[in-house]
Amino acid sequence: MFKTVRGMRDFLPNDAEKMRYVEQVSREVSKLYGYEEIITPVVESYELLAAKTGEEIRQRMYNFEDLGGRKVALRPEFTASVARLVATKMRNEPKPMRLFSTGSLYRYDEPQYGRFREFWQANYELFGSTRPEADAEILILTNDLLKRLELQNYRFKIGHTGILRGILNQEGLDEGQQNRLMQLLDKKNWEDALANARGANVSQKGLRTLERLFETRGEDAFQVLESVKETVQEYEGALAAVENLWEIFELVRDNGEQMDVMVEAGFARGLEYYTGMIFESYIPEIDVALGGGGRYDKLIQLFGGESIPAVGVAQGIDRIVLSLNKQKVSPKTAKERSVVVISVKNESKAKALELSAMLRKAGLPVEVEVMGRAVSRALADADRRGVAYAVIVGPEELKAEKVVLREMKKREQRTVEISNLTEEILVSST
Ligand code: HAM
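Here is what the cut-offs are and how they apply
- Residues numbered from 1 in each chain as written.
- Predicted model: local features only at pLDDT ≥ 70, side-chain atom pairs only at ≥ 80, totals over all residues.
- Heavy atoms only, no water.
- Axes fitted to C-alpha atoms, helices over the stretch in contact; angles between N-to-C directions.
- Helix = DSSP H or I, 4+ residues; strand = E, 2+ residues; numbered from the N terminus.
- Parallel < 35°, antiparallel > 145°, perpendicular 65-115°, else oblique.
- Contact = heavy atoms within 4.5 Å.
- Nonpolar A, V, L, I, M, F, W, Y, C, P; charged D, E, K, R; others polar.
- Core = buried A, V, L, I, M, F, W, Y, C linked by side-chain atoms within 4.5 Å.
- Buried < 20%, exposed > 50% of the residue type's maximum accessible area, 1.4 Å probe, protein only.
- Lys, Arg positive; Asp, Glu negative; His and termini not counted.
- Salt bridge = Lys/Arg side-chain N within 4 Å of Asp/Glu carboxyl O.
- Polar contact = N/O pair within 3.5 Å; in protein donor to acceptor, adjacent residues only side chain to side chain.
- Pairing = 2+ DSSP bridges.
- Near = heavy atom within 4 Å.
- Areas by Shrake-Rupley, 256 points an atom, 1.4 Å probe, with all protein chains shown as cover.

Attention now goes to the packing of helix α6 (residues 161-170) against helix α11 (residues 236-253). Orientation of α6 relative to α11, taken along the N-to-C sense of each, is 170 degrees, at an axis distance of 7 Å. Of the possible angle classes, the one that applies to α6 and α11 is roughly antiparallel. Taken together, the residues of α11 that come into contact with α6 (itself represented by G162, I163, G166, I167 and Q170) are E236, G237, A238, A241 and V242. Residues of the contact of α6 with α11, tallied by class, amount to five nonpolar, four polar and one charged.

In structure tokens:
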């Protein structure tokens, strides 16, 4: 018997419906914020995907040689593909440019709760602006999406790559050394990160500064930033980063929507392309991030384009579905208005089809009994599958232009005029 490959999943109807629901709300949000959808390939050149994705993901890419001898890989994220487009085919498009993508991604991660080898993201990228409004938009959009999905108590962990890089630059660490240190911080491995800094000849002052930063975090953004400012006062680059984050928080605070944050001065993300604000979203019940993103101003240039600043976020659809399950949020599904039409006698089969067509025209999801079962068995089956209404087409009622409408959950039924049937179902299902 064949099974799915380790780390790969089948989505049976209930799960598939939830995944598609989150995707659909994400797409609605993309439209509300002016993000245009693009579709890029799952297979890309290995060089492109590996460029700035960070050691962690690089090690876990599904890469292989295709039959033409090209070194290719399955995409582990969308950002590289979208940046490739912006550096090439879309380079003459006016800015700002807002692009949305959704689809499957592949990382050879160790399968565990919330970590899969094939997973889905809804990805939003905003190109062309260095301003804090752009960073704020990405945060606000993510907050809005989680709210629309009716999740509770979600919060954002926020930092700024420029704080640490500002210090490490001034301390003379090259990019490779900085990236290694950031990878350790991404794993919350503070001790090793400090040892690593010591090994890279960071000064005593630098080490003390880093140590203090790793401990600086809190929910009052402005208070945390005040304290970071004091800690990094001798590092110019880091100060500019604090200033930038301050401006972003002012915009987020004033946008009128509640947003819970945890600011962490020593926060780093595994991807290497970030140059500015970085963040992840969480709910308390799950300790993996639901989404993550940040500013990356140098990537397009690296891919041969002009210098185009960018900021974006990827929402993890699988983990959002896990969150909806944890918080017992059940998305409104088509099932709540679904109807089965059952004909009692052979002669009314055609009428059953006609009524089905009439109900579908009004937007109701309708199944017709196709197994030739007795009404009681067809009803028992509809009940088991959670169908909301049954329309029973019997010869007696038909003579009077009527049918029986049964509300499955309430176990109540009544005879209704065919001319009123659609209306009756629509009214009782709202
Ligand atoms: P990321 O943090 O690697 O960022 O992934 C974003 C989200 O994708 C995660 O928060 C998580 O929900 C989901 N995700 C990642 N790996 C897995 C996995 N193995 N299983 C299930 N879900 C997973 C990025 O991908 C960046 N491209 C985000 C970005 C866009 N930055 C700027 N623009």
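Once you've had a look at it, read on.
Here we take up the nonpolar core. Of all hydrophobic cores here, the largest spans 76 residues; its most connected members are Y124, L139, F156, I158 and F249. Formed by 32 residues, the second largest nonpolar core is a distinct cluster that contains I57, A87, F267 and L271.

This part is about the side chain of E125. Residue position: E125 is located in strand β6 (residues 118-127). For the buried E125, no salt bridge is present, and the opposite-charge side chain at shortest range is R269, 9.2 Å distant. Separated by 3.0 Å, the side chains of E125 and T79 make a polar contact. Within polar-contact distance, the side chain of E125 engages the side chain of N123 at 2.8 Å. Sequence-distant contacts of E125, defined by excluding residues within four places in its chain, comprise Y35, T79, V82, M97, R98, L99, Y296, V311, G312 and V313.

A few words on the sheet that holds strand β17 (residues 412-417). A sheet is described by the order of its strands in space; here five strands give the open sequence β14-β13-β15-β16-β17, paired in mixed fashion. Bordering the open sheet on either side are β14 (366-368) and β17, each of which pairs with just one other strand. Neighbour to neighbour, the strand axes of the sheet diverge by 25 degrees on average, direction disregarded. Contacts from helix α17 (residues 418-428) reach β13 (339-343), β15 (389-393), β16 (402-407) and β17, with the element oriented near 135 degrees to β17.

Strands sit in the order β2-β4-β3 across an open sheet of three strands; the sheet is antiparallel. The sheet terminates laterally at β2 (43-45) and β3 (63-65), the two strands that pair on one side only. On average, each strand axis in the sheet is inclined to that of its neighbour by 40 degrees, with strand direction left out of account. Here β3 pairs with strand β4 (residues 71-74) via three bridges, running antiparallel. Bridging across to β4, E65 finds its partner in K71.

Before going further, it helps to examine the site of the ligand. Around the ligand, 27 residues are found, and the nearest of them are E77, T79, D109, F116 and Y274. In this structure, Y273 approaches the ligand through a side-chain N or O atom, which is 3.0 Å from a nitrogen atom. L290 places a polar main-chain atom, nitrogen or oxygen, 3.0 Å from an oxygen atom of the ligand. Here the ligand loses 96% of its free accessible area of 660 Å² to cover by the protein chains. Those elements that provide at least two residues to the shell around the ligand are β6, β11 (291-295) and β12 (310-316). For the shell around the ligand, a count of residues per class yields ten nonpolar, ten polar and seven charged.

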